[in-house]
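An overview of the molecular structure
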Amino acid sequence: MAGLLETEWKWDWRKDSDVANCGIYAEVQQGQAYAIARCPRYLTEEQWTEIATRICDLHNADLANQ
């Protein structure tokens, strides 16, 4: 999908029935989000926070330096 690498990445945390159901996404246009990565179902919120923050920070920093 065009624009995913040129758009800031964000992440969220959500659990459904005691299983992680969240991921990293790019919102290319308002209200139009595309999944970049999904959180493995077995991760804790703390683990996902660390991983997703790192991935988004690296991508967004690279994007800002272009």
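Above this text is the structure in question.
Residues numbered from 1 in each chain as written. Predicted model: local features only at pLDDT ≥ 70, side-chain atom pairs only at ≥ 80, totals over all residues. Heavy atoms only, no water.

Evaluated as defined, the whole model comprises two salt bridges. Among the ionic pairs, E27 bridges to K10, the shortest N-O distance being 4.0 Å. On the criterion of sequence distance, the pair formed by E27 in strand β4 (residues 23-29) and K10 in strand β1 (residues 9-11) is long-range, its members being 17 residues apart. Look at K10 and you get partly exposed, because its relative accessible area is 34%. Between R14 and D16 there is a salt bridge, and its shortest N-O distance comes to 3.8 Å. Given the relative accessible area of 35%, D16 is considered partly exposed. (Salt bridge = Lys/Arg side-chain N within 4 Å of Asp/Glu carboxyl O. Helix = DSSP H or I, 4+ residues; strand = E, 2+ residues; numbered from the N terminus. Buried < 20%, exposed > 50% of the residue type's maximum accessible area, 1.4 Å probe, protein only.)

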